[in-house]
Amino acid sequence: MASSDFDFLFGEWRVHHHKRVNPFDPADDHWVEFDTLTGARPTLSGLGNIDETTGELPGSGPFTGMSLRLYDPAADRWGIWWASTGAPGVLDAPVYGRFEHGVGEFVGAAEHRGIPFLQRFRWLDVETPSPVWEQQFSFDGGATWDGVNWRMEHTRT
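Quick caveat: nothing in here was measured; it's all calculated off a predicted structure.

Remarks on the overall build of the protein
Part 1 of the reasoning: Of the regular secondary structure elements, the protein holds zero helices and 10 strands.
Part 2 of the reasoning: In the protein, the succession of α and β elements from N to C terminus is β-β-β-β-β-β-β-β-β-β.
Part 3 of the reasoning: Taken against the 2.2 N^0.38 rule, which gives 15 Å for 157 residues, the C-alpha radius of gyration of the protein at 15 Å falls within 12% of a compact globule.
Part 4 of the reasoning: Overall, the protein is about 45 × 35 × 30 Å in size when its C-alpha atoms are taken along their principal axes.
Part 5 of the reasoning: Looking at the protein as a whole, 39% of its 157 residues qualify as buried.
Part 6 of the reasoning: Total accessible area on the protein stands at roughly 8,400 Å², and carbon and sulfur atoms take up 53% of it.
Part 7 of the reasoning: Here the protein contributes 12 positively and 23 negatively charged side chains, and the mean placements of these two sets differ by 1 Å.

Some points on the layout of surface pockets
Over the atoms, a rolled probe matching the size of one water molecule traces out where space is still vacant.
Part 1 of the reasoning: By volume, the largest pocket amounts to about 1,400 Å³.
Part 2 of the reasoning: Along the wall of the largest pocket there are 48 residues; nearest its centre are Lys 19, Trp 82, Asp 92, Gln 135 and Trp 150.
Part 3 of the reasoning: Looking at side-chain class alone, the lining of the largest pocket contains 27 nonpolar, 15 polar and six charged residues.

With respect to the nonpolar core
Part 1 of the reasoning: Core analysis: the biggest nonpolar cluster contains 21 residues, and Phe 6, Phe 8, Leu 9, Phe 99, Phe 106, Trp 123 and Trp 133 have the highest contact counts within it.
Part 2 of the reasoning: Breaking this core down by element, the ones donating at least two residues are strand 1 (11-20), strand 2 (31-43), strand 4 (61-72), strand 5 (77-84), strand 6 (95-100), strand 8 (115-124) and strand 10 (150-156).
Part 3 of the reasoning: With near-sequence residues (within four places) excluded, Phe 6 lies in contact with Asn 49, Arg 69, Trp 78, Ile 80, Phe 99, Phe 106 and Trp 123.

A look at the pattern of salt bridges
Part 1 of the reasoning: Here the structure, examined in full by the defined rule, presents six salt bridges.
Part 2 of the reasoning: A salt bridge links Arg 14 to Asp 35, with the shortest nitrogen-to-oxygen separation between them at 3.1 Å. Of the two residues, Arg 14 is situated in strand 1 and Asp 35 in strand 2; the sequence distance between them amounts to 21 residues.
Part 3 of the reasoning: Looking at Arg 14, the relative accessible area reads 33%, which means it is partly exposed.
Part 4 of the reasoning: Assessed through its relative accessible area of 38%, Asp 35 is described here as partly exposed.
Part 5 of the reasoning: Here Arg 69 and Asp 51 are joined by a salt bridge, their closest N and O atoms 2.6 Å apart. Here the residue Arg 69 occupies a position in strand 4, and Asp 51 occupies one in strand 3 (residues 48-57), the gap between them amounting to 18 residues.
Part 6 of the reasoning: What makes Asp 51 buried here is its relative accessible area of 5%.
Part 7 of the reasoning: Counted as one network, the salt bridges with shared partners bring together Glu 105, Arg 120 and Arg 122.

Some points on the sheet that holds strand 10
Part 1 of the reasoning: Within the closed barrel, the 10 strands sit side by side as 1-2-3-4-5-6-7-8-9-10. Their pairing is antiparallel. Between one strand axis and the next, the sheet turns by 25 degrees as a mean value, whatever way the strands run.
Part 2 of the reasoning: Relative to strand 10, strand 1 runs antiparallel, the two sharing seven bridges. Residue pairing for strand 10: Val 15 is matched across the bridge by His 154.

Let's talk about unusual backbone geometry
Part 1 of the reasoning: Positive phi is not limited to glycine here, since Asp 76 has a value of about 55 degrees.
Part 2 of the reasoning: You can see Asp 76 is positioned in the loop between strand 4 and strand 5.
Part 3 of the reasoning: In this model, Arg 113 sits at a positive phi of 50 degrees, which is unusual for a non-glycine residue.
Part 4 of the reasoning: Inspection of the secondary structure puts Arg 113 in the loop between strand 7 (103-112) and strand 8.
Part 5 of the reasoning: Accessibility expressed as a relative area gives 78% for Arg 113, which makes it exposed.

Concerning the packing of aromatic side chains
Part 1 of the reasoning: Following the criterion strictly, the structure yields 18 aromatic pairs and no others.
Part 2 of the reasoning: Ring centres of Phe 24 and Phe 137 lie 5.1 Å apart, and the angle between their planes is 25 degrees; on these two criteria the pair is classed as stacked. With Phe 24 in the loop between strand 1 and strand 2 and Phe 137 in strand 9 (residues 132-138), this pair connects stretches of sequence that are 113 residues apart.
Part 3 of the reasoning: Residue Phe 24 is classed as partly exposed on the basis of its relative accessible area, which comes to 25%.
Part 4 of the reasoning: For Phe 137, a relative accessible area of 4% puts it in the buried group.

Each value, and the rule that gives it
- Sequence order as written defines the numbering, with residues in each chain counted from 1.
- Per-residue local features are limited, in this predicted model, to residues with pLDDT of at least 70; the limit for side-chain atom pairs, both in listing and counting, is 80 or more; totals at the level of whole chains, interfaces and linings are taken over all residues.
- Excluding hydrogens and water, the side-chain values take into account all heavy atoms of the structure.
- Numbered from the N terminus, helices here are DSSP runs of H or I no shorter than four residues, and strands are runs of E no shorter than two.
- Each radius of gyration is computed over the set of C-alpha atoms, and the globule rule expresses the reference value as 2.2 Å times the number of residues to the power 0.38.
- Type-normalised accessible area, obtained with a 1.4 Å probe on protein chains alone, sets the label of each residue: buried when under 20%, exposed when over 50%, and partly exposed for intermediate values.
- Calculation of accessible area relied on Shrake-Rupley with a 1.4 Å probe; when residues are assessed, cover is drawn exclusively from the protein chains displayed.
- We count Lys and Arg on the positive side and Asp and Glu on the negative side, and we leave His and both chain ends out.
- Throughout, a charge is located at the NZ atom of Lys, the CZ atom of Arg, the CG atom of Asp or the CD atom of Glu.
- Both site types are read off a 1 Å grid over the protein atoms alone. A 1.4 Å probe that fits but cannot get out defines a cavity, while an open set with protein on both sides within 12 Å along at least five of seven lines defines a pocket; lining residues have an atom within 4 Å of a point.
- Grid points are joined across faces, edges and corners, and a volume is the space filled by probe spheres set on the points.
- Amino acid classes used here: Ala, Val, Leu, Ile, Met, Phe, Trp, Tyr, Cys and Pro are nonpolar; Asp, Glu, Lys and Arg are charged; the rest, including Gly, are polar.
- Side-chain atoms within 4.5 Å link the members of a nonpolar core, which is a set of buried Ala, Val, Leu, Ile, Met, Phe, Trp, Tyr and Cys residues.
- Contact between two residues is taken to exist if any of their heavy atoms lie within 4.5 Å; hydrogens are not considered.
- The term salt bridge refers to a side-chain nitrogen of Lys or Arg lying within 4 Å of a carboxyl oxygen of Asp or Glu.
- Strand pairing is assigned whenever DSSP identifies at least 2 bridges connecting the two strands.
- Orientation is described by lines fitted to C-alpha atoms, with helices fitted over the stretch in contact, and by angles between N-to-C directions that extend from 0 to 180 degrees.
- Note on aromatic pairs: the rings of Phe, Tyr and Trp (six-membered ring only in Trp) are paired at centre separations within 6.5 Å, and the planes decide the class, stacked below 30 degrees, edge-to-face beyond 60, tilted for the rest.

Okay, here's the thing in structure tokens:
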């Protein structure tokens, strides 16, 4: 593992999203698809990176979001934070993890309307021209994970 783990992401992307509308309601299996534009770059002399995403979320309108990823060499892990115009002034709780065997897995505690859960982000196919990001939730402390509730497929612009 190294601070170069996310170098594959640097540059400009068109991102196709498959997103479950309400991942907190097991009875609701409604999905939306939409596209965004994302640009990623290194920061902090390579110990971090930032991306900014712009697009329109169906049913919510235009938004801008930002991921901040910071590498901690002593812990040999990444922390990832998210902020967006959908929740002004809020920096979401981080997920932490690393890449192993070409897959990045990052887990962190979160809460939605008083319900605690774990969220897991996974980066797949990072050595291909079309990397994939996926999100899943666990409501039992990570013993089991719900199916993927958000998938983003990246294509260079």
